[in-house]
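A structural walkthrough
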Amino acid sequence: MTIPAPGTYVLDQAHKRIGFLARHMMVSPVRGEFAEGTAQIVVTEDPFDSSVSATIRAASIGTGTPDRDAHLMSADFLDVERFPTLEYRSTGITWEQHEDPIFMWARLRSNGLARRGGGHVPQQAARAATRFTLTGELTVKGITRPVDLQVDFGGARRDPYGQDIFGFTATAEINREDYGLVWNVVLDTGGVLVGKTVRIEIAGEAIRES
């Protein structure tokens, strides 16, 4: 595993997906995404001190159905006129431990966390070290709640244009009602029209600013 060089990275607009999944009628998944969003990732000398901040334009939501998108932008859901953005700020990073944490920490530290062009992390440690938990706070409609993202680090390299980049995917599940998105219809057969649980699905590349 190669860790990104320290510096400030921004989300590559050409290689990103800020997506979500919710249930319709309790049985079928509906996927959508936000077309417009930015993120700044500050990678520090100690990667576990790094931070992330992101802003998403609420009105850029799309599910492939214009009527549904208009409803999602209305006051029943995101209320984009009053709350034009969704925000995320990280508060910490930990790695998912698949072996004794003492040995994992020793392996990563002794290899300098394998900075680009630096040391090598043993294969067993590398497999475990590519998955992290990013703790943070998500703000929707002016309501802020803690949300942990499960992050898979895709690797770091230098692209053909000489830019340092790294890739990642991230997922989380939230209860939309925690953010005041409470609109629903009770079904005659039981259950509700729109599921309360929303799965967040993010994928992207980050580019180091010169």
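Scroll up for the structure.
First things first, this report covers the structure right here in the doc. These numbers were taken from a predicted model, which means no experiment stands behind them. (Residues numbered from 1 in each chain as written. Predicted model: local features only at pLDDT ≥ 70, side-chain atom pairs only at ≥ 80, totals over all residues. Heavy atoms only, no water.)

Summing up its helical and strand segments, the protein chain has 3 helices and 10 strands in all. When the helices and strands of the protein chain are listed from N to C terminus, the series reads β-β-β-β-β-α-β-α-α-β-β-β-β. Sorting the 210 residues of the protein chain into buried and exposed places 41% on the buried side. Put simply, of all contacts in the protein chain between residues at least 6 apart along the chain, 63% involve residues at least 24 apart. (Helix = DSSP H or I, 4+ residues; strand = E, 2+ residues; numbered from the N terminus. Buried < 20%, exposed > 50% of the residue type's maximum accessible area, 1.4 Å probe, protein only. Contact = heavy atoms within 4.5 Å.)

What follows covers the environment of Pro 29. Mapped onto the secondary structure, Pro 29 falls in strand 2 (residues 28-34). Pro 29 gets classed as partly exposed once you look at its relative accessible area, which sits at 46%. As for Pro 29 and Gly 195, which are separated by 166 residues in sequence, their C-alpha atoms are 9.4 Å apart. Residues contacting Pro 29, with those up to four places away along its chain left out, are Leu 21, Ala 22 and Arg 23.

Let us now look at the pairing of strand 7 (residues 131-140). Where strand 6 (residues 85-95) lies against strand 7, 8 bridges are found, and the strand directions are antiparallel. When the sheet's bridge partners are listed, Gly 92 is paired in strand 7 with Thr 135. Note: strand 7 against strand 8 (residues 143-158), 10 bridges, orientation antiparallel. Across the sheet, residue Gly 136 finds its bridge partner in strand 8, namely Val 147. Connecting the antiparallel pair strand 7 and strand 8 is a turn made up of 2 residues, with Lys 141 showing a positive phi of about 55°. (Pairing = 2+ DSSP bridges.)

With that out of the way, let us pick up a nonpolar patch on the surface. A cluster of nonpolar side chains, contributed by Met 25, Met 26 and Val 27, occupies part of the molecular surface with about 290 Å² of accessible area. Checked against the element boundaries, Met 25 lands in the loop between strand 1 (7-24) and strand 2. (Patch = residues over 30% accessible without salt bridge, like charges linked within 9 Å, V, L, I, M, F, W, Y side chains within 5 Å. Areas by Shrake-Rupley, 256 points an atom, 1.4 Å probe, with all protein chains shown as cover. Salt bridge = Lys/Arg side-chain N within 4 Å of Asp/Glu carboxyl O.)

Attention now moves to the pattern of salt bridges. Using the criterion set out here, one finds 11 salt bridges in the structure. Where Arg 17 meets Glu 33, a salt bridge forms, and the shortest distance between an N and an O atom there is 3.5 Å. Taken as a pair, Arg 17 in strand 1 and Glu 33 in strand 2 lie far apart in primary sequence, 16 residues in all. Taking the relative accessible area as the measure of exposure, Glu 33 reaches 34% and is therefore partly exposed. With a shortest N-O distance of 3.4 Å, Glu 201 and Arg 17 are connected by a salt bridge. Note that Glu 201 is positioned in strand 10 (residues 197-208) and Arg 17 in strand 1, a separation of 184 residues in sequence.

This paragraph deals with the side chain of Thr 133. Position of Thr 133 among the secondary structure elements: in strand 7. Here Gln 150 takes part through its side chain, which lies 3.1 Å from a polar atom of the side chain of Thr 133. Residues within four places of Thr 133 in sequence aside, it is in contact with Gly 92, Ile 93, Thr 94, Glu 96, Asp 148, Leu 149 and Gln 150. (Polar contact = N/O pair within 3.5 Å; in protein donor to acceptor, adjacent residues only side chain to side chain.)

Attention now moves to the packing of aromatic side chains. Per the counting criterion, the structure on display carries 7 aromatic pairs. Taking 5.0 Å as the distance between ring centres and 45° as the angle between the ring planes, the aromatic pair formed by Phe 48 and Trp 95 counts as tilted. Taken together, the residues Phe 48 in the loop between strand 3 (37-43) and strand 4 (51-57) and Trp 95 in strand 6 connect sequence positions 47 residues apart. Exposure class is identical for Phe 48 and Trp 95. Each is buried. An aromatic cluster is present here, built from Tyr 9, Phe 153, Phe 166 and Phe 168 joined pairwise through their rings. (Phe/Tyr/Trp six-rings, centres within 6.5 Å; stacked < 30°, edge-to-face > 60°.)

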